[in-house]
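# A look at the structure
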Amino acid sequence: MAGKTFDASSITAELNGSWALATPANSYDYGNPPPSGSSFQCPRLTLAMNSPNNHWSAHIS
């Protein structure tokens, strides 16, 4: 996976039987800035929160 970027956008959460775009009010954001790759035992991993809670990117150098 080295050299690859992975993107997750339009992340939703189920709330009371309906799906809603994830926001800081309805989901956990891991902080700003996001955690380092070392937190996941992958020091070459970098994470970016492109839009709070509903659009993430991960890159492995």
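Moving on, we get to the side chain of N54. If you trace the backbone, N54 turns up in the loop between β4 (45-51) and β5 (55-60). The exposure class of N54 is buried, given its relative accessible area of 11%. Those residues within four positions of N54 in sequence are excluded, and the remaining contacts are A8, S9, S10, I11, L21 and A22.

For the rest of this paragraph, the subject is the sheet that holds β4. Strands sit in the order β1-β5-β4 across an open sheet of three strands; the sheet is antiparallel. In the strand order of this sheet, the two ends are held by β1 (5-9) and β4, each with one partner. Across the sheet, the axes of successive neighbouring strands diverge by a mean angle of 15 degrees, strand direction being ignored. Relative to β5, β1 runs antiparallel, the two sharing five bridges. What sits directly across from D7, in β5, is S57.

Relative to β5, β4 runs antiparallel, the two sharing six bridges. Within β5, the position partnered with A48 by the bridge is S57.

With that out of the way, let us pick up the pairing of strand β2 (residues 12-15). For β2 and strand β3 (residues 18-21), the ladder comprises four bridges, and the chain directions are antiparallel. When the bridges of β3 are listed, T12 appears paired with L21. Here β2 hands over to β3 after two residues, with N16 in that stretch at a positive phi of 55 degrees.

Okay, the environment of S57 next. Here S57 lies in strand β5. Aside from chain neighbours lying at most four places away, what touches S57 is F6, D7, T46, L47, A48 and N50. There is a polar contact of 2.7 Å between the side chain of S57 and the side chain of D7.

Calculation notes
- Residues numbered from 1 in each chain as written.
- Predicted model: local features only at pLDDT ≥ 70, side-chain atom pairs only at ≥ 80, totals over all residues.
- Heavy atoms only, no water.
- Helix = DSSP H or I, 4+ residues; strand = E, 2+ residues; numbered from the N terminus.
- Buried < 20%, exposed > 50% of the residue type's maximum accessible area, 1.4 Å probe, protein only.
- Contact = heavy atoms within 4.5 Å.
- Pairing = 2+ DSSP bridges.
- Axes fitted to C-alpha atoms, helices over the stretch in contact; angles between N-to-C directions.
- Polar contact = N/O pair within 3.5 Å; in protein donor to acceptor, adjacent residues only side chain to side chain.

Coordinates in, geometry out; function isn't part of it.
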